[in-house]
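# Results of the structural survey
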Amino acid sequence: MFEKAIVRKPSERYTEGITTSTLGVPNLEKALAQHNQYIDALKKCGVKVTVLEGNNQFPDSTFVEDEAVIVGKLVVVTRPGNPSRAGEAALITPVLENFFERMEQITSPGTLDGGDVMEVGSTFFIGLSERTNGEGAKQLKSIVEREGYHAFMIPVGTGLHLKTFMGVVGENDIVVLDRFQDRPEISGLNRLVVSPENTYACNCRRVNNNVILPAGFPAVSTMLTENGFSILEVELSEFQKMDGGISCLSLLF
Ligand code: CIR
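Residues numbered from 1 in each chain as written. Predicted model: local features only at pLDDT ≥ 70, side-chain atom pairs only at ≥ 80, totals over all residues. Heavy atoms only, no water.

### Digging into the site of the ligand
Around the ligand, the structure places 13 residues, and the nearest of them are Ile18, Asp60, Glu65, Met242 and Cys248. In the model, a nitrogen atom of the ligand is placed 2.7 Å from a nitrogen or oxygen of the Ile18 main chain. Separating an oxygen atom of the ligand from a side-chain N or O atom of Arg131 is a distance of 2.8 Å. Protein chains shield 98% of the accessible area of the ligand, which is 340 Å² for the free molecule. Classifying every residue of the shell around the ligand by side-chain character gives four nonpolar, three polar and six charged. (Near = heavy atom within 4 Å. Polar contact = N/O pair within 3.5 Å; in protein donor to acceptor, adjacent residues only side chain to side chain. Areas by Shrake-Rupley, 256 points an atom, 1.4 Å probe, with all protein chains shown as cover. Nonpolar A, V, L, I, M, F, W, Y, C, P; charged D, E, K, R; others polar.)

Dropping the structure here:
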């Protein structure tokens, strides 16, 4: 069960973050309102939410997921792969010190974004991407194995992060974009397959008894409901414009 979440509000400079999307410039007021709805959804799932103030130095720092990976009682502070986000590790560290007694760090030349790490039961799947290099993935793999977990690496190919294309919805269940469904690394998982027009909804997240899902993807919400999942939909249009989704916006533990 998740008891706590850390989120960070989008800052005044939110719209200056990195994006590959062609959906237009986000509206900050709308983004803040959607962020509040996201916080409400987390609270509905029974999670106590710590809300950090927006940070103007790092426009992408609302995507806190990329800054740390939680491995049981240990937290691993990442080394974000885009240079404009590298300083976010130092930004989140003092916050995490309030919650965790044990802390590790991904170190140079390793880079790793939390968006590339998917935990299912006792296994961590680590995406090799533009943001997470082989060295960063290797460092995380050895940490999680030392802590008693399994780890597999998965090449992401074109696209931002591993979890741009898959999300955990149950004990052993994931939602996954069709082109990844036959990857041998995830063959042991129950895979609910999504077609390319619904790619954005792959980034959904199980939070205790619910799955939080972006609004506007009826095919995916129907599939999840028919498979017995209880879903909470949140409108995230202003985060999609900055390549961010459901999982990116919180650290859960
Ligand atoms: C970035 O490109 O780094 C941000 N604009 C979006 C990060 C999304 N994070 C995630 O998927 N974990």
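### Observations concerning the sheet that holds strand E7 (residues 123–128)
In spatial order, the strands read E6-E7-E8; together these three strands make up an open sheet with mixed pairing. The sheet is open, and its two edges are formed by strand E6 (117–120) and strand E8 (150–155), each paired on a single side. Geometrically, the sheet is characterised by an average inter-axis angle of 20 degrees between neighbouring strands, direction not taken into account. Taken together, the six bridges between E7 and E8 define a ladder with parallel strand orientation. Looking across to E8, one finds that Phe124 is bridged to Ala151. Sheet strands in contact with helix H3 (residues 134–146) are E6, E7 and E8, and its direction is about 160 degrees off that of E8. (Pairing = 2+ DSSP bridges. Helix = DSSP H or I, 4+ residues; strand = E, 2+ residues; numbered from the N terminus. Axes fitted to C-alpha atoms, helices over the stretch in contact; angles between N-to-C directions. Contact = heavy atoms within 4.5 Å.)

### Quick look at the pairing of strand E1 (residues 4–8)
The buried count for E1 comes to four of five residues, which makes it a mostly enclosed element. Examined bridge by bridge, E1 and strand E2 (residues 48–52) share five bridges and lie parallel to one another. Counted as the bridge partner of Ala5 is Val49 from E2. Crossover E1 to E2 through helix H1 (residues 28–44) is right-handed. Where E1 and strand E15 (residues 251–252) come together, two bridges link them in antiparallel fashion. Bridge assignment links Ala5 to a residue of E15, and that residue is Leu252. (Buried < 20%, exposed > 50% of the residue type's maximum accessible area, 1.4 Å probe, protein only. Right-handed = clockwise from strand over helix to strand, strands pointing away.)

Distances and angles like these do not, on their own, reveal function.
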